[in-house]
Each structure stands twice: as C-alpha cells, then as structure tokens.
Amino acid sequence: MKTKIAIQGVKASFHEEAAYKYFGENIETIECESFKKTCEMLKQGKADYVVMAIENSIAGSILPNYNLLRDYRFHIIGEVHLNIQQNLLVLPGVKLSDIKIVESHPIAIRQCDEFLSDYPDWTIKEGMDTAACAKAIADHKLTNTAAIASTMAAKLYNLEILEKRIETNKKNATRFLILSNEVVEQKNANKASLSFQTGNAVGALANVLQCFAEQNVNLSKIQSMPVVGKRNEYDFYVDVEWKKQSDYDAAIRKVLKHTVNFNIMGEYIKNEKV
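Peer 1: How should I be thinking about the overall build of the chain in this particular structure?
Peer 2: The helix and strand inventory of the chain stands at nine helices and 15 strands. Since a compact globule built from 274 residues should have a radius of gyration of about 19 Å, the 21 Å found for the chain is in line with a globular shape. Overall, the C-alpha framework of the chain stretches about 65 × 45 × 35 Å when taken along its three principal axes. Burial analysis of the chain (274 residues in total) assigns 48% to the buried set. Counting only contacts in the chain whose residues sit at least 6 apart along the sequence, the fraction spanning at least 24 positions is 74%. Put simply, the chain shows about 13900 Å² of open surface, and 48% of that area lies on carbon and sulfur atoms. In the chain, the 34 positive side-chain charges and the 34 negative ones have mean positions that sit 3 Å from each other.

As structure tokens, this is what we get:
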C-alpha cells in the first residue's frame, strides 16, 4: 500500500515535487485546496503525512501556516528544501504577443517581479496554486493566458515552456515541513522546531536565546506570532541545530526555566540538500 501524502494544490505542484523528493516514488498524493484541508486529512486519518511549505528564501515565512502548526499540534518529523524554478507556460503555439493574462500563486508572482515588469500590459491574476493555474489553461484551452509554474506542470498538462527560469533570484528555494499525527523517533536528530512564550520584561527573550548560545546550540530561525486575544503577548517559534545531543539536552533544561507553554514541535534530521 502506498503512503498517502496530503499536499496543498494539484498534481505537479511544488508540494508534490517536495513530497517525491522526501518520500520517494511509492506514494499517493492527496490534492487539497488549502493548507487547512491538508491538516484535516491528516487529523481524520485520510492521509499518513502532510507536506507543508513554511518559508521561501525570497517571500519569507508563510505566516498562516504557523497558526496551523499551533492549532493542530502535529509532529514535525522532517524537512525538505526545494530549489524553485519558475517558467512561463502556455498552450502549444501561443506566442508572447498573444498573452493578455498571467496567473499563478501570489508567492510565485512575487518571485518573478522583474520578468513581469517587462510586460506592464499583462493582467496579473492570483490563483490557488501554480500547477492549478497551468491545469486551467489546458482544461479550458486558454489561448490568451499564461501560467507561472514548474517544468513538471508543463509536462503533465501538455503545455509549452515559452520562457524558462523567469524567477528573479536563481537561488530561490522553499523549505517544506513533513508533518505526522504520531511522534516518529529520529535517530541522529540534529535539528528541532520549538515554540514557547516568555514574560514581557526587559531581556526576557534574550535570556532564552542566551541559553542556546551557552550550550553551542545554533539558532537557525526565529519567528514571532501574536497570541490570539492577548495584547503584547507572542508565541516564539525557533529552529535550533546542534552537533552534540548533550548540548541540546542541556539547553532545553535551561530554556524551560525562562519560558511558559514550551513545546517541542519536532526533533528531526536537518536536510542539507537543495
């Protein structure tokens, strides 16, 4: 039986590509119209895992997904980095002069600002997903519309790549989290995602960060999100990395003395490949 992976978007989306990169070919992807729907699939046992984008090297953190991590409290069991290459896709035979509309996911559009600025007469429309926009062109035979999407989407939906690699930054990468309903113990784990709150006193957060520094634990990311309904209170989400397990364990013991609502969201193996 194939492992079922819930993804936001349709087949040939970057989420599906990330799922294949992490799990291999023997999987079944479940298409979902939203990130919340992917979480519901996992919660209801209709999916084994969720692949969820959490940050992009150009567009930054995907903030609504931090709220989903907070609300569903799934376990992060891994991560995968994907080099994002954007292309301009059209029906075969369509020329640049035929294009009136370009449609894609808002983050993909942002990633291609420089290219799109050369065509000010085009109408830019935001869609649910890069691959879904490509699929719509194929399904509805849209001869005046182009999609910004992957080479995988072009192949699956029989579209022509009119312009390759139109992303502004060629080192554009997205980080995806692998979510599970169950704790999956990772031998040789060297990275963790944590969440916590601190008091509002001067230096409260600095005290926490110092605990990591004193134990040679690297803080690779920090993200704050307002606590719903509480003024001037924040949840802090941090990713930490370590070389010695004992250093990490000691840091956690220290951090617990300076935080409230502390949660280890996941301990896993750092993904080095992009």
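Peer 1: Is there a simple way to think about the sheet that holds strand β15 (residues 260–268) in this case?
Peer 2: Within a beta sheet, neighbouring strands are joined by backbone hydrogen bonds and run either parallel or antiparallel to one another. Strand order in the open sheet formed by four strands is β13-β14-β12-β15, with antiparallel pairing between adjacent strands. In this open sheet, the two edge strands, each paired with only one partner strand, are β13 (218–226) and β15. Strand-to-strand, the axes of this sheet are offset by a mean angle of 15°, without reference to chain direction. Strand direction decides the pairing type here: strand β12 (residues 191–197) and strand β14 (residues 234–241), joined by six bridges, are antiparallel. Bridge pairing in β14 links Ser193 to Asp239. Of the strands in this sheet, β13, β14 and β15 touch helix α3 (residues 63–72), which is tilted by about 90° from β13.

Peer 1: Can you walk me through the packing of aromatic side chains in this structure?
Peer 2: To describe a pair of aromatic rings, you give the distance between the ring centres and the angle between the ring planes. All told, the structure shown has nine aromatic pairs when counted by the stated rule. Geometrically, the ring pair formed by Tyr22 and Phe23 is edge-to-face, given 4.8 Å between the ring centres and 75° between the ring planes. Tyr22 sits in the partly exposed class, given a relative accessible area of 31%. Given the relative accessible area of 24%, Phe23 is considered partly exposed.

Peer 1: Teacher, can you tell me more about the pairing of strand β11 (residues 173–180) here?
Peer 2: Working note: regular strand, side chains alternate between the two faces of the sheet. Where burial is concerned, most of β11 is hidden: eight out of the eight residues are buried. Note: strand β5 (residues 75–83) against β11, eight bridges, orientation antiparallel. Along β11, the bridge assignment pairs Glu79 with Leu177.

Peer 1: I would appreciate a short explanation of the nonpolar core in the present structure.
Peer 2: The tendency in soluble globular proteins is for nonpolar side chains to be buried as a group. Core analysis: the largest hydrophobic core is formed by 30 residues, its most contacted members being Leu88 and Tyr157. Contributions of two or more residues to this core are made by β6 (87–90), α4 (106–111), α5 (113–116), α6 (130–140), β9 (145–149) and α7 (151–156). Residue contributions to this core peak at six residues, all from α6. Ignoring anything within four residues of it in the chain, the contact list for Tyr157 reads Val10, Lys11, Ala12, Ala131, Ala134, Lys135 and Ala138.

Peer 1: Which parts of the structure should I look at to understand the packing of helix α8 (residues 204–214) against helix α9 (residues 245–255)?
Peer 2: Think of two packed helices as two axes; the pair is described by the angle between the axes and how far apart they sit. At a minimum axis distance of 8 Å, the contact between α8 and α9 shows a crossing angle of 160°. When the axes of α8 and α9 are compared, the pair comes out roughly antiparallel. Handedness of the crossing formed by α8 with α9: right-handed. Where α8 abuts α9, its residues Val208, Cys211, Phe212 and Glu214 lie against Ala251, Lys254 and Val255. Looking at the contact of α8 with α9 residue by residue, the class counts come to five nonpolar, no polar and two charged.

Rules used throughout
- Residues numbered from 1 in each chain as written.
- Predicted model: local features only at pLDDT ≥ 70, side-chain atom pairs only at ≥ 80, totals over all residues.
- Heavy atoms only, no water.
- Helix = DSSP H or I, 4+ residues; strand = E, 2+ residues; numbered from the N terminus.
- Rg over C-alpha atoms; globule rule 2.2 N^0.38 Å.
- Buried < 20%, exposed > 50% of the residue type's maximum accessible area, 1.4 Å probe, protein only.
- Contact = heavy atoms within 4.5 Å.
- Areas by Shrake-Rupley, 256 points an atom, 1.4 Å probe, with all protein chains shown as cover.
- Lys, Arg positive; Asp, Glu negative; His and termini not counted.
- Charge placed at Lys NZ, Arg CZ, Asp CG, Glu CD.
- Pairing = 2+ DSSP bridges.
- Axes fitted to C-alpha atoms, helices over the stretch in contact; angles between N-to-C directions.
- Phe/Tyr/Trp six-rings, centres within 6.5 Å; stacked < 30°, edge-to-face > 60°.
- Core = buried A, V, L, I, M, F, W, Y, C linked by side-chain atoms within 4.5 Å.
- Parallel < 35°, antiparallel > 145°, perpendicular 65-115°, else oblique.
- Left-handed = near helix turned anticlockwise from the far one by under 90°.
- Nonpolar A, V, L, I, M, F, W, Y, C, P; charged D, E, K, R; others polar.

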